[in-house]
Amino acid sequence: VLTVRQGVLLRRPALYRACMVSAVEVCRPLWYRVFGAARLKIYFKAGSGQRRVELVLPGRRARQLARALVPATAAANFFEPVGMDRLIFVLLSANILATSAFSVLAVRRIAKLVGQDLGALALGGITQVEHLLAAFLPAGLSLLAAVLLFFLALSLLASLLRTYRFTATRSGGVLLCRGGLLTHTERRVLVSAITASTLRITPTARLLRRCPVYVSAGGFR
């Protein structure tokens with residue numbers, strides 16, 4: 001049983017059966033690592049009535065708890081992209097729509113904090129690219145192409161940081177994935193708890209002859 005106690009004036013204990021855990025995720029963003037902390041997400045199997053529990057713990061304690069809940073022995077990596085596969089993995093992991101939305105929201109929030117028009121600064125960079133493309137494209141298309149190239153570059157950069165030194169290992173009944181540069185992430189998924197496995201054959205996947213696989217394990221996606 002995993003017991004979580006929280007509260008200041010009113011202490012509330014919550015008990016979770018460890019056998020109902022389907023996956024754990026230890027996430028250590030850069031600002032967490034500065035303070036030696038980690039964010040631990042514990043996901044539960046389908047039908048348990050719970051989706052996930054999120055805790056912030058010291059980094060070493062978070063890793064120990066993750067290993068205790070979903071233990072995995074050492075095994076050889078069955079997927080570790082290198083060379084051309086590394087580039088293909090970055091391309092398949094890029095999400096230009098999500099990166100665009102996140103970038104716009106981030107610029108707005110930072111602009112409110114620092115009191116500067118960062119949007120105008122970003123627009124100035126796009127305008128410079130537009131001038132370069134204007135020599136090859138009509139005026140209307142050059143701006144659209146510049147915006148798409150700008151967000152594509154951001155998307156590829158975010159994908160590169162997220163997939164840095166990515167490895168996926170099948171260790172007995174556990175799927176173990178690690179990776180990330182600025183944000184270190186480790187996921188442990190019980191294979192027996194996987195409820196769905198989706199193979200996404202997109203036009204990009206057909207072109208690169210590689211297909212991304214997404215798994216669901218109860219509350220884990």
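Structure: see above.
What you see is a predicted model; the values in this text were computed from it and never measured.

Caption draft 1: Highlighting the layout of surface pockets. As a volume, the second largest pocket reaches approximately 330 Å³. In terms of lining, the second largest pocket is formed by 13 residues, of which the most central are R178, G179, G180, H184 and T185. Of all elements in the fold, only β3 (21-28), β7 (174-179) and β8 (184-190) reach the threshold of two or more residues within the lining of the second largest pocket. The leading source of residues in the lining of the second largest pocket is β8, at three residues. Residues belonging to the lining of the second largest pocket are distributed by class as follows: two nonpolar, five polar and six charged.

Caption draft 2: Spotlight on the pattern of salt bridges. Evaluated as defined, the whole model comprises six salt bridges. R52 is the partner of E54 in a salt bridge, and the nearest nitrogen-oxygen pair spans 3.4 Å. E186 is the partner of R188 in a salt bridge, and the nearest nitrogen-oxygen pair spans 2.9 Å. A single network of salt bridges, built from pairs that share partners, joins R39, R52 and E54.

Caption draft 3: Fine view of the packing of aromatic side chains. For the structure on display, the rule yields five aromatic pairs. Between F79 and F89, the ring centres sit 5.6 Å apart and the planes meet at 75°, which makes this aromatic pair edge-to-face. Here F79, found in the loop between α2 (59-69) and α3 (84-93), pairs with F89, found in helix α3; they are 10 residues apart in sequence, far enough to count as distant. Assessed through its relative accessible area of 30%, F79 is described here as partly exposed. Residue class for F89 comes out buried when judged on its relative accessible area of 16%.

Caption draft 4: Geometry of the nonpolar core. Judged by nonpolar contacts, the single largest core of 29 residues is most densely connected at V21, V24, L40, I42 and V70. Contributions of two or more residues to this core are made by β1 (2-6), β3, β4 (37-44), β5 (52-58), α2, β7 and β8. Broken down by element, the residue count for this core peaks at five residues, all from β4. Contact partners of V21, with chain neighbours within four places excluded, come to I42, Y43, F44, K45, L69, V70 and L190.

Caption draft 5: Expanded view of unusual backbone geometry. If you check the backbone angles, R165 has positive phi at about 55° while not being a glycine. Tracing the backbone through its elements, the reader meets R165 in the loop between α6 (139-162) and β6 (167-171). For R165, a relative accessible area of 65% gives the class exposed. For R209, which is not glycine, the phi torsion reads 60° and is therefore positive.

Caption draft 6: View of the environment of L157. Note on placement: L157 falls in helix α6. Overall, L157 belongs to the partly exposed group, its relative accessible area being 47%. C-alpha separation for the pair L157 and A94, spaced 63 residues apart in sequence, amounts to 8.5 Å.

Caption draft 7: Spotlight on the sheet that holds β4. Spatially, β5-β4-β3-β8-β7-β6 is the arrangement adopted by the six strands of the open sheet, whose pairing is antiparallel. Two strands bound the open sheet, and with one partner strand each, they are β5 and β6. Along the sheet, successive strands turn relative to each other by an average axial angle of 15°, direction set aside.

Caption draft 8: Looking closely at the pairing of β8. Across the seven residues that make up β8, a large majority, five, are buried. As defined by bridge partners, β3 adjoins β8 across six bridges and the pair is classed as antiparallel. By the bridge assignment for β8, V24 is matched with R188. Two successive antiparallel strands, β7 and β8, enclose a turn made up of four residues, where G180 displays a positive phi of approximately 115°.

Caption draft 9: Summary view of the pairing of β4. Of all eight residues in β4, eight are buried; the element is thus mostly enclosed. Neither face of β4 is exposed, since A37, R39, K41 and Y43 on one face and A38, L40, I42 and F44 on the opposite face are all buried. For β3 and β4, the ladder comprises six bridges, and the chain directions are antiparallel. Within β4, the position partnered with V26 by the bridge is L40. Pairing analysis gives seven bridges linking β4 to β5, with the strands arranged antiparallel.

The rules behind the values
Residues numbered from 1 in each chain as written. Predicted model: local features only at pLDDT ≥ 70, side-chain atom pairs only at ≥ 80, totals over all residues. Heavy atoms only, no water. 1 Å grid on protein atoms, 1.4 Å probe; cavity = no way out; pocket = protein on both sides within 12 Å on 5 of 7 lines; lining within 4 Å. Points joined across faces, edges and corners; volume = space filled by probe spheres on them. Helix = DSSP H or I, 4+ residues; strand = E, 2+ residues; numbered from the N terminus. Nonpolar A, V, L, I, M, F, W, Y, C, P; charged D, E, K, R; others polar. Salt bridge = Lys/Arg side-chain N within 4 Å of Asp/Glu carboxyl O. Phe/Tyr/Trp six-rings, centres within 6.5 Å; stacked < 30°, edge-to-face > 60°. Buried < 20%, exposed > 50% of the residue type's maximum accessible area, 1.4 Å probe, protein only. Core = buried A, V, L, I, M, F, W, Y, C linked by side-chain atoms within 4.5 Å. Contact = heavy atoms within 4.5 Å. Pairing = 2+ DSSP bridges. Axes fitted to C-alpha atoms, helices over the stretch in contact; angles between N-to-C directions.

Taken by themselves, the reported measurements are silent on function.
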